[in-house]
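# Structure assessment
Each chain, written out:
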Amino acid sequence: MIDANPKSKIQNPKSEESAPIRLPVFEGPMELLLHLIRQHKLDIYDIPIAQVTKQYVEYLHYMEALNVDLAGEFLVMAATLMEIKSRMLLPKPPPPEGEEEGVDPRQELVDRLLEYQKFQEAAGLLRELEEERRRCFPRGGLIDFEPGPSIAIEPESAAVSLLLALRRLLDEADKREDVPPTLRRDRMTLRLKIREVWAALQEAPDGLVFEALFRHGGDREEIIATFLALLELLRGGRVRVVQREALGTILVRPVEGE
Amino acid sequence: MTESSLDRLPEAIECLLFAATEPLTLERLAKVLERDEAEVYRAMVELRLRYTSGRGMQIRQVAGGFQLVTHPDFGEIVTRLLSAPPGRLSRAALETLSIIAYQQPITLPEIESIRGVNASGVVKTLVDRGLVREAGKKESAGRPMLYATTDEFLMYFGLKDLSQLPDLDTFAATLSEELSNPSGTPSQEGEEAPASDDDRQETSEAA
């Protein structure tokens, strides 16, 4: 779920309700846009384009802050939104004699959203059918139903896998943290953490399981720092992240000949 | 087959459905039983009637045929036989499947223009899984590959045939109502959010 100011949750995870960090995962720009429209209960036929653009871009920044590689399509949509926004700001030239008034600059986007939404609903129906079907077993069909890599998860969702793994760790940390937090500023720096993760990986040339990078019993702050360190190492091409199958463990490997 | 066993056509069909693991069409049943399809159909109706209560099994009409499957009411119990509950398709896979199911045959660029995002990975996974098949090439520039759903798709979702899917425009109707009426019903407050939330949770389970 996107919050009005999602970054604040990352920086200040213990604010008020200490809600767990929610990392919304959107398949594409259309899904994200529809989500924003619904969440803020906007009229799809009269989208407040400035507001939606702002929220949309905020989400992109939010993902960027986590070093998530967003599909290029997200950026294309951001550009489209801004273009529409600027066209909305321009005064409308009067329609030439005898012609209809110009088309609303939002029209094409609205049409696409409505079309996409139909299929999203249809997908919801398929999910219901799947749920029902999952409760009916043909004879000898148990093998077919075994969970495993046959479950359709795209290989390019590595970033998503990492985020979800992070979320699991944070949720666990949340359960542990009943001790009132004390003030310990600058207990660790990112640079220090990178060195620590790197050192651990040096001792394991075959790689470490993702979870093993995180010190057991670490708090949120430490988990996030470790995760950021991992992302930093990934970006620098010093480690590689491998997930052999859809439901498999995530392996972090140092890149050789550095 | 002896005379007496031929008299008991519903029971004979029951045996065949039990012995076969995949759905059997009326045509196939009629051939094996050496009866005409109308007669087999009447016996099937009679048999299905007997299965309407007091049974742990049911006869489903799926992918153009009939299949004996466990009753959904006992799904949870059967699942205990498994190390983990049966897997689910990802949201991206379901979305792509719904586009292919309604617009088939359809090319990859056409799927991508609806979803607004690259779909080659998903489509490949769906083909590997047998839910989608390549259905020739489109006679247009570059002759792109066309995709269509398979019988496996029908079986996976327990569908008799594609016509069982509701008309796509029925979705449009409910939608316009919902999205153009933002102040809507009071219950809308929490309605959308938890629904999509559940979905995300699924994704996290799957990863």
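Note that this is a predicted model, so its numbers are computed, not measured.

## Some points on the overall build of chain A
Broken down by element type, chain A carries 9 helices and 3 strands. Listed N to C, the secondary structure of chain A is α-α-α-α-α-α-α-α-β-α-β-β in terms of helices and strands. Evaluated residue by residue, chain A yields a buried proportion of 43% over its 258 residues. Partitioning the intrachain contacts of chain A with sequence separation of at least 6 by distance along the chain shows that 68% fall at a separation of at least 24. Carbon and sulfur atoms make up 53% of the accessible area of chain A, which amounts to about 14500 Å² in all.

## A closer look at the sheet that holds strand 4 (residues 132-137) of chain B
Residue and element names in this part refer to chain B. Pairing in this open sheet of 3 strands is antiparallel, and the strands run 3-5-4 from one edge to the other. Edge positions in the sheet fall to strand 3 (106-107) and strand 4, since each has one partner strand and no second. The strands touched by helix 6 (residues 91-103) are strand 3, strand 4 and strand 5 (145-149); relative to strand 5, the strand with the most contacts, the crossing angle is about 95°.

## Thoughts on the pairing of strand 3 (residues 251-254) of chain A
All names here are of chain A. Burial along strand 3 is one-sided: the residues Val252 and Pro254 are buried and none of Leu251 and Arg253 is. For strand 1 (residues 208-209) and strand 3, the ladder comprises 2 bridges, and the chain directions are antiparallel. Its bridge partner being in strand 3, Val209 is matched across the sheet by Leu251. With 4 bridges connecting them, strand 2 (residues 239-242) and strand 3 associate as antiparallel partners. By the bridge assignment for strand 3, Arg240 is matched with Arg253.

## Focus on the sheet that holds strand 2 of chain A
Residue and element names in this part refer to chain A. The antiparallel open sheet is built from 3 strands, whose spatial order is 1-3-2. Every other strand in the sheet has two partners, leaving strand 1 and strand 2 as the edge strands with one partner each. Packing of helix 9 (residues 220-235) onto the sheet brings it into contact with strand 2 and strand 3, and relative to strand 2 it is tilted by some 105°.

## A closer look at the packing of aromatic side chains
Residues and elements named next belong to chain A. Going through the model one piece at a time under the given rule, you end up with 4 aromatic pairs over all chains. Measuring from ring centre to ring centre gives 6.4 Å for Phe210 and Phe227, while their planes differ by 85°; the resulting arrangement is edge-to-face. Of the two residues, Phe210 is situated in the loop between strand 1 and helix 9 and Phe227 in helix 9; the sequence distance between them amounts to 17 residues. The pair formed by Phe210 and Phe227 is uniform in burial state, with each residue classed as buried. Among the aromatic residues, those joined into a ring-pair cluster are Phe210, Phe214 and Phe227. The ring of Trp198 carries the charged tip of Arg238 above its face, separated from the ring centre by 4.6 Å.

## A few points about the packing of helix 6 of chain B against helix 8 (residues 120-128) of chain B
Residues and elements named next belong to chain B. Where helix 6 contacts helix 8, the axes come no closer than 10 Å and their chain directions differ by 80°. The angle between helix 6 and helix 8 falls in the class roughly perpendicular. Here helix 6 contributes Ala92, Ala93, Thr96 and Leu97 to the contact with helix 8, which in turn contributes Val122, Val123 and Leu126.

## Overview of the environment of Glu83(A)
The residue Glu83(A) is located in helix 4 (residues 72-89) in this model. On a C-alpha basis, the gap between Glu83(A) and Arg106(A) in space is 10.0 Å, while along the polypeptide they are 23 residues apart.

## Overview of the confidence of the model for chain B
Residue and element names in this part refer to chain B. For chain B, per-residue confidence averages 81 on the pLDDT scale, and residues scoring 70 or more make up 78% of the total. The element-level mean pLDDT for chain B is lowest in helix 11 (residues 188-206), coming to 38, with strand 5 highest at 95. A low-confidence stretch, residues 182-207 (pLDDT under 50), is modelled with 38 contacts involving residues beyond four sequence positions or located in other chains.

## Quick look at unusual backbone geometry
When glycine is set aside, most residues are seen to have a negative phi, and most peptide bonds are trans. Residues and elements named next belong to chain B. Here the residue pair Gln104 and Pro105 is connected by a cis peptide bond, since its omega of -5° sits within 30 degrees of zero. Mapped onto the elements, Pro105 comes out in the loop between helix 6 and strand 3. One non-glycine residue, Glu34, lies in the positive phi region at around 55°. Within the element layout of this structure, Glu34 appears in the loop between helix 3 (26-33) and helix 4 (37-50). Given a relative accessible area of 67%, Glu34 falls into the exposed group. At Arg143, a position not held by glycine, the phi torsion is positive, near 40°. With respect to the helices and strands, the residue Arg143 is situated in the loop between strand 4 and strand 5.

Parameters at a glance
Residues numbered from 1 in each chain as written. Chains lettered and ligands numbered in written order. Predicted model: local features only at pLDDT ≥ 70, side-chain atom pairs only at ≥ 80, totals over all residues. Heavy atoms only, no water. Helix = DSSP H or I, 4+ residues; strand = E, 2+ residues; numbered from the N terminus. Buried < 20%, exposed > 50% of the residue type's maximum accessible area, 1.4 Å probe, protein only. Contact = heavy atoms within 4.5 Å. Areas by Shrake-Rupley, 256 points an atom, 1.4 Å probe, with all protein chains shown as cover. Pairing = 2+ DSSP bridges. Axes fitted to C-alpha atoms, helices over the stretch in contact; angles between N-to-C directions. Phe/Tyr/Trp six-rings, centres within 6.5 Å; stacked < 30°, edge-to-face > 60°. Lys NZ or Arg CZ within 6 Å of the ring centre and 35° of its normal. Parallel < 35°, antiparallel > 145°, perpendicular 65-115°, else oblique. pLDDT = per-residue confidence, 0-100.

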